[in-house]
Amino acid sequence: MADGPVAQLLLQRLEGGDGGLDSLELASTLGLEHQAVVGAVKSLQALGEVIEAELRSTQRWELTPEGQETAQFGSHEARVFHSLPPEGLMQSELMVDSVEDLVQAKLQLVQDGEAEHLSEKERNELKKRKLLSEVTLKTYWVSKGSAFSTNISKQETELSPEMISSGSWRDVKFKAYNFSSKGVLPEGGHLHPLMKVRTQFRQIFLEMGFTEMLTDNFIESSFWNFDALFQPQQHPARDQHDTFFLKDPAEALDFPMDYVERVKRTHSQGGYGSQGYKYDWKLEEAQKNLLRTHTTAASARALYRLAQQKPFSPAKYFSIDRVFRNETLDATHLAEFHQIEGVVADYGLTLGHLMGILKEFFTKLGITHLRFKPAYNPYTEPSMEVFSYHQGLKKWVEVGNSGVFRPEMLLPMGLPEGVSVIAWGLSLERPTMIKYGINNIRELVGHRVNLQMVYDSPLCRLDT
Ligand code: PHE
């Protein structure tokens, strides 16, 4: 059986006749919509050489909706005449005795497919009155192809497990993909590009066996955001210029106090083989509430929780959530953005493990050329910035920051000696902007976002 009944009819007509046939004529002899025949032609074309179809365009005159009404009920003038009351009108008002509705007659000619009996002038007059319009019609001239047959087997559209196990897939013909057909428009809402890319990152982490960390607090204490990370209290990043502090509630009150003591000692006197920073560490400074400036605060909480579980077992954590910084706003910076963070804790992890895992992570994103550059973070040693070669921009761009967490951070938490923790972080906005070709971050986030951009963003991207 061919693809459908119309296609089968078309093949039969072709077999019977000599030469070819016109899709529009076939539609009218079969009493079908032209579109149904066009569909059959296309499905037969997809089979290869069964038919040959040549696209032709012809000009045709058609009645407009008003023209159709006029052809049926008469011209406006004639209708006025026929609606005169039987008792008549004053002679002075009625100038004619009878009318011959030429307009209606002409339109009926067109309706019967005999527009050629009208002169060009007549057609143009009717066109000016918007009763007639000239349309371009695309039709197919169809003839037999080199592999013509009326007996065409249905093409398979899906490969089934049965075909694989029986081996029958070798003999069936598969229907080719039509990459230029329009997709079905989704009726539901549209995800913002950031949310789509977030899903992609989450998927990558899950494939790599990572567990999502709790990140459900935008408000954090300075303690978890800075102190727990061995970041000294006079560090410039804590300055009002970089951090949004909270007025109300201004302080956090609930801390694991024995851990706080160990953090205080490590900062002020050292310990665990470190000299510390040798300054007067103050609880009041650690209590100051702020909008978290990085998701590493959530990683610190997760690692502290992990340290409380005895015996220690290795862990792989990730998070993707929002952070806040008091930045000067420009084309690539906003006061809030999203960070992606990965953390692995196990005995004996080294910089080599970090480089290997970064390679795996970025390869899953389609980024294969990585370079590492030594960097500085108060809480990691060593630290590395990660760069990737961007084919489009033709330069190396920074794609992330990473490092091995310092013992001054891990040991006060209670993690066993010998356990090291490697971690990396990157923003969600940057890869999203690169992927979606957005140059100004304000077109992606904030009040200037064009909803049409969200609507038009592809559901998936096939990057090569
Ligand atoms: N917290 C760092 C930042 O905000 C990223 C990072 C995470 C660096 C983990 C090292 C380890 O940029």
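For the structure itself, consult the block above.
Bear in mind that the values here come from a model prediction, so they are computed numbers and not experimental data.

Cut-offs used in this document
- Residues numbered from 1 in each chain as written.
- Predicted model: local features only at pLDDT ≥ 70, side-chain atom pairs only at ≥ 80, totals over all residues.
- Heavy atoms only, no water.
- Helix = DSSP H or I, 4+ residues; strand = E, 2+ residues; numbered from the N terminus.
- Rg over C-alpha atoms; globule rule 2.2 N^0.38 Å.
- Buried < 20%, exposed > 50% of the residue type's maximum accessible area, 1.4 Å probe, protein only.
- Lys, Arg positive; Asp, Glu negative; His and termini not counted.
- Charge placed at Lys NZ, Arg CZ, Asp CG, Glu CD.
- Phe/Tyr/Trp six-rings, centres within 6.5 Å; stacked < 30°, edge-to-face > 60°.
- Lys NZ or Arg CZ within 6 Å of the ring centre and 35° of its normal.
- Near = heavy atom within 4 Å.
- Polar contact = N/O pair within 3.5 Å; in protein donor to acceptor, adjacent residues only side chain to side chain.
- Nonpolar A, V, L, I, M, F, W, Y, C, P; charged D, E, K, R; others polar.
- Contact = heavy atoms within 4.5 Å.
- Salt bridge = Lys/Arg side-chain N within 4 Å of Asp/Glu carboxyl O.

Peer 1: Just checking my understanding: could you explain the overall build of the chain for this structure?
Peer 2: Helices and strands together make up the secondary structure of the chain, namely 17 helices and 12 strands. Relative to the 2.2 N^0.38 estimate, which gives 23 Å for 464 residues, the radius of gyration of the chain is 38 Å and therefore markedly larger than a compact globule would have. The dimensions of the chain, computed from C-alpha atoms along their principal axes, are 115 × 75 × 40 Å. By residue count, 41% of the 464 residues in the chain fall in the buried class. Computed over 49 positive and 61 negative side-chain charges, the separation of the two mean positions in the chain equals 8 Å.

Peer 1: For this particular structure, what's the right way to read the packing of aromatic side chains?
Peer 2: Pairs of aromatic rings are described using the distance from one ring centre to the other and the angle between the two planes. Under the criterion given, the structure shown has 21 aromatic pairs. Between Phe-201 and Phe-361, the ring centres sit 5.9 Å apart and the planes meet at 25 degrees, which makes this aromatic pair stacked. Here the residue Phe-201 occupies a position in helix α9 (residues 193-207), and Phe-361 occupies one in helix α14 (residues 351-364), the gap between them amounting to 160 residues. The residues Phe-201 and Phe-361 share a single accessibility class, namely buried. Between Phe-205 and Phe-361, the ring centres sit 5.0 Å apart and the planes meet at 40 degrees, which makes this aromatic pair tilted. Pair noted here: Phe-205 is in helix α9 and Phe-361 is in helix α14, with a separation of 156 residues, a long-range link. Neither residue differs from the other here; Phe-205 and Phe-361 are each classed as buried. A cation over a ring is seen here: Lys-144 above Phe-148, with NZ or CZ 5.4 Å from the ring centre. Taking the ring centre of Phe-245 as reference, the NZ or CZ of Lys-288 above it sits at 5.9 Å.

Peer 1: Which parts of the structure should I look at to understand unusual backbone geometry?
Peer 2: One can expect most non-glycine residues to show negative phi and most peptide bonds to be in trans. Residues Lys-310 and Pro-311 are joined by a peptide bond in cis, for which omega reads -5 degrees. Here Pro-311 lies in the loop between α13 (296-308) and β7 (315-324). Along the chain, Glu-381 connects to Pro-382 via a cis peptide bond; the corresponding omega equals 0 degrees. Mapped onto the fold, Pro-382 is located in strand β10 (residues 380-390). The backbone of Phe-230 shows a phi angle near 60 degrees, a positive value even though the residue is not glycine. If you trace the backbone, Phe-230 turns up in the loop between α10 (222-225) and α11 (257-268). A positive phi angle is found at Lys-278, which is not glycine, with a value near 60 degrees. Turning to its location among the elements, Lys-278 is positioned in the loop between α11 and α12 (283-287). Overall, the relative accessible area of 56% leaves Lys-278 in the exposed class.

Peer 1: Even after reading the chapter, I still don't get the site of the ligand, so can you show me in this structure?
Peer 2: Surrounding the ligand, one finds 13 residues, the nearest of these being His-294, Thr-296, Arg-325, Gln-339 and Tyr-379. The contact in question runs from a nitrogen atom of the ligand to an N or O atom on the side chain of Tyr-379, over 2.8 Å. Tallying contributions element by element places strand β12 (residues 419-427) first for the shell around the ligand, with three residues. The residue inventory of the shell around the ligand, partitioned by class, reads three nonpolar, eight polar and two charged.

Peer 1: Would you explain the side chain of Asn-225 in this entry?
Peer 2: Its location among the elements puts Asn-225 in helix α10. Judged by its relative accessible area of 0%, Asn-225 is buried. When near neighbours in sequence (up to four residues on either side) are disregarded, Asn-225 contacts Glu-220, Leu-290, Arg-292, Thr-293, His-294 and Ala-297.

Peer 1: It is not clear to me how the pattern of salt bridges should be interpreted in this structure. Could you clarify?
Peer 2: Pairing is possible between side chains that carry opposite charge, provided their charged atoms lie close to one another. Applying the stated rule across the entire model yields 15 salt bridges. Its salt-bridge partner being Glu-69, residue Arg-79 comes within 3.3 Å of it at the nearest N-O pair. Here the residue Arg-79 occupies a position in helix α5 (residues 76-82), and Glu-69 occupies one in helix α4 (residues 65-73), the gap between them amounting to 10 residues. The closest approach of N and O atoms between Asp-258 and Arg-262, which form a salt bridge, is 3.9 Å. In this pair, Asp-258 and Arg-262 both sit in helix α11, four residues apart, roughly one turn of the helix. For Asp-258, a relative accessible area of 46% corresponds to the partly exposed category.

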